[in-house]
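Examining the three-dimensional arrangement
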Amino acid sequence: MSVLFPKVPKPREWDYRPIYFDQDKEARKDKKLARLRRGAFREEHEKNMTELRKKKQSKLVLWLVLLGLLVLAFYVFL
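One structure accompanies this document, and this report is about it. (Residues numbered from 1 in each chain as written. Predicted model: local features only at pLDDT ≥ 70, side-chain atom pairs only at ≥ 80, totals over all residues. Heavy atoms only, no water.)

Take the overall build of the protein next. Helix and strand content of the protein: two helices and zero strands. Scaling as 2.2 N^0.38, a compact globule of 78 residues should have a C-alpha radius of gyration of about 12 Å, whereas the protein reaches 33 Å, well beyond that. With the C-alpha coordinates aligned to their principal axes, the bounding extent of the protein is approximately 110 × 35 × 25 Å. Looking at the protein residue by residue over its 78 residues, the buried ones come to 1%. Taken as a whole, the protein presents about 9,100 Å² of accessible surface, with 63% of it coming from carbon and sulfur. Computed over 19 positive and 10 negative side-chain charges, the separation of the two mean positions in the protein equals 6 Å. (Helix = DSSP H or I, 4+ residues; strand = E, 2+ residues; numbered from the N terminus. Rg over C-alpha atoms; globule rule 2.2 N^0.38 Å. Buried < 20%, exposed > 50% of the residue type's maximum accessible area, 1.4 Å probe, protein only. Areas by Shrake-Rupley, 256 points an atom, 1.4 Å probe, with all protein chains shown as cover. Lys, Arg positive; Asp, Glu negative; His and termini not counted. Charge placed at Lys NZ, Arg CZ, Asp CG, Glu CD.)

Here we take up the pattern of salt bridges. What the rule picks out here adds up to one salt bridge. In this structure, the salt-bridge partner of K29 is E26, at a minimum N-O distance of 4.0 Å. A residue pair is termed a helical-turn pair when its members lie 3 or 4 positions apart in one helix, as K29 and E26 do in helix 1 (residues 23-35) at three residues. The class of E26 is partly exposed, set by a relative accessible area of 31%. (Salt bridge = Lys/Arg side-chain N within 4 Å of Asp/Glu carboxyl O.)

Before going further, it helps to examine the environment of W63. Of note, W63 is situated in helix 2 (residues 40-77). A relative accessible area of 59% means that W63 is categorised as exposed. For W63 and R53, which are ten residues apart along the polypeptide, the C-alpha to C-alpha distance reads 15 Å.

Attention shifts here to a positive patch on the surface. On the surface, K31, K32, R35 and K47 cluster together into a positively charged patch. With three residues, the top contributor of residues to the positive patch is helix 1. One can find R35 in helix 1. The class of R35 is partly exposed, set by a relative accessible area of 45%. (Patch = residues over 30% accessible without salt bridge, like charges linked within 9 Å, V, L, I, M, F, W, Y side chains within 5 Å.)

Here it is, written out as structure tokens:
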């Protein structure tokens, strides 16, 4: 221990951070917890697969219509 400069512990600092209520954050947390229930991943997968099938089917219909119009245009103009 030093005679000239004795070590004195510093006083504890006040470190207060107020917690604010964030409604959006709470909603995200609730949504995340709701997804973690049993069977939720399977339901999400099935929903995504049905959406994917619908997209593929609509693309197929679009291409078939375009092909039909192209064939019709060749038939009419040639």
